[in-house]
Amino acid sequence: MSAVPAPVDRLPTFPWDKLEPYKKTAAAHPDGLVDLSVGTPVDPVPELIQKALTDAADSPGYPTVWGTPELRDALVGWCERRLGARGLGHTNVLPVVGSKELVAWLPTQLGLGPGDKVAYPRLAYPTYEVGARLARADHVAYDDPTELDPAGLKLLWLNSPSNPTGRVLSKEELTRIVAWAREHSVLVFSDECYIELGWEADPVSVLDPEVNGGSLDGLVTVHSLSKRSNLAGYRAAFLAGDAAVLGDLLQIRKHGGMMTSAPTQAAVVAALGDEAHVHEQRARYAARRELLREALLRHGFRIEHSEASLYLWATRDESCWDTVAHLADLGILVAPGDFYGEAGERFVRVALTASDERIRAAVARLA
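Residues numbered from 1 in each chain as written. Predicted model: local features only at pLDDT ≥ 70, side-chain atom pairs only at ≥ 80, totals over all residues. Heavy atoms only, no water.

### A look at the packing of helix 4 (residues 99–109) against helix 5 (residues 127–134)
Contact geometry of helix 4 with helix 5 gives a least axis separation of 7 Å together with a crossing angle of 35°. Seen along the crossing, helix 4 lies across helix 5 with a hand that is right-handed. Each of Lys100, Val103, Ala104, Trp105, Pro107 and Thr108 in helix 4 lies in contact with helix 5, whose residues at this interface are Thr127, Tyr128, Gly131, Ala132 and Leu134. Split into classes, the residues belonging to the contact of helix 4 with helix 5 amount to seven nonpolar, three polar and one charged. (Axes fitted to C-alpha atoms, helices over the stretch in contact; angles between N-to-C directions. Helix = DSSP H or I, 4+ residues; strand = E, 2+ residues; numbered from the N terminus. Left-handed = near helix turned anticlockwise from the far one by under 90°. Contact = heavy atoms within 4.5 Å. Nonpolar A, V, L, I, M, F, W, Y, C, P; charged D, E, K, R; others polar.)

Here you go:
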């Protein structure tokens, strides 16, 4: 037996395993399961992206960690067009193998360890905490990051639009947080993977010059094509921001062989060069959101935040597990709010990622 504790000993129980009994109950419904839990895309990958992937299928050589020049051009161009970023070059972007691996391994790749602190929102994607634990760093949840003790704080995660709540940080809030982080030399990573999915708010990036004052110092954003382009199966994401931070990460990731496949790189170039498929997908999600939102409200739920992202943050003012069980009896599976922190113990997260037919089935059952 090894005397060195295994990394798994530092991790919490994988949350989704706890949902399995409820999934079995929901799957037993005569009309089948409506799975609104994980939030995995179900709609087709747009044809122009599939074509770019297959056209690049004959790729016998190793891809580069930094990506092709065409990919870097596409990343820079999209950030400038969509986020309002200015003055970006290739050193300001870095492709990654899906955003989850980046979140989980970022503290380790930044060289953080015991005595260093990683901070993330009180209600948050669980992998922020996992990343801190893997690096043996300390972790702390916040309501307002500017109220944190900055001593030892090395990495501050922002997440707007939020997973799970759909809350959007305003331009004024982001500006205030960025100024505070810079005053205390705290590195900011802003997870903006849902930025294309604003419904009742228009999400803003920390790359916006009105937020950062025209400087990217100490700021990096995380973006994903999983939701906007249905590319979760491709593992396609990227970072944009401070060239010094990304340059160090590039060298570390080169040593680790953390490279996006060449066909995926080609697919990302095609995806970022086309907005039509993004608008079509947004329209699908908007229609599903409206149907589910009204059905949940009629069923007695209250919905908080949810002004953006792919989820409805809903409560019946009871234990989230009681709500999960209630919906499972109707054949509907949702995520319990305590997956995202103790503050979510009376909420559930309801994903919009099911087919139109399954959404209609859920609406009928909620009626």
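The structure having been displayed, the exposition proceeds.
### As for the pairing of strand 8 (residues 237–241)
For strand 8, a buried count of five out of five residues is recorded, marking the element as mostly surrounded by other parts of the structure. Along strand 8, one buried face is formed by Ala237, Leu239 and Gly241 and the opposite face, lined by Phe238 and Ala240, is buried too. Both strand 2 (residues 93–96) and strand 8 contribute to a ladder of four bridges, which runs antiparallel. Along strand 8, the bridge assignment pairs valine 93 with alanine 240. (Buried < 20%, exposed > 50% of the residue type's maximum accessible area, 1.4 Å probe, protein only. Pairing = 2+ DSSP bridges.)

### Considering the pattern of salt bridges
Taken as a whole and judged by the stated rule, the model has 21 salt bridges. Salt-bridge contacts for arginine 176 lead to aspartate 144; the nearest nitrogen and oxygen are separated by 3.3 Å. Of the two residues, arginine 176 is situated in helix 6 (residues 171–183) and aspartate 144 in the loop between strand 4 (138–142) and strand 5 (153–159); the sequence distance between them amounts to 32 residues. Residues glutamate 294 and arginine 293 are paired through a salt bridge, measuring 3.2 Å at the closest nitrogen-oxygen approach. For glutamate 294, a relative accessible area of 28% puts it in the partly exposed group. Note on arginine 293: relative accessible area 25%, which makes it partly exposed. Residues joined by salt bridges that share partners form a network here, namely Asp31, Glu357, Arg358 and Arg365. (Salt bridge = Lys/Arg side-chain N within 4 Å of Asp/Glu carboxyl O.)

### Side note on unusual backbone geometry
Between serine 160 and proline 161 the backbone carries a cis peptide bond, its omega angle lying at -5°. Within the element layout of this structure, proline 161 appears in the loop between strand 5 and helix 6. Across the junction of asparagine 163 and proline 164, the peptide omega takes the value 25°, indicating a cis bond. Considering the arrangement of structural elements, one finds proline 164 in the loop between strand 5 and helix 6. Look at arginine 235: it is not a glycine, yet its phi comes out positive at around 55°. For histidine 305, which is not a glycine, the phi torsion comes out positive at approximately 50°. Position of histidine 305 relative to the elements: it lies in the loop between strand 9 (302–304) and strand 10 (311–315).

### Topic: empty space enclosed by the protein
Counted by the stated rule, this structure contains two cavities of 30 Å³ or more. Space inside the largest cavity adds up to approximately 70 Å³. Along the walls of the largest cavity sit Trp78, Glu192, Cys193, Ile195, Glu196, His223, Ser224, Leu225, Arg228, Phe238 and Leu272, which together make up its complete lining. Considering only residue class, the lining of the largest cavity consists of six nonpolar, two polar and three charged. Quantified by volume, the second largest cavity comes out at close to 50 Å³. Surrounding the second largest cavity, Leu71, Leu75, Pro95, Val96, Ala236, Ala237, Phe238, Thr260, Thr264, Gln265 and Val268 form its lining. (1 Å grid on protein atoms, 1.4 Å probe; cavity = no way out; pocket = protein on both sides within 12 Å on 5 of 7 lines; lining within 4 Å. Points joined across faces, edges and corners; volume = space filled by probe spheres on them.)

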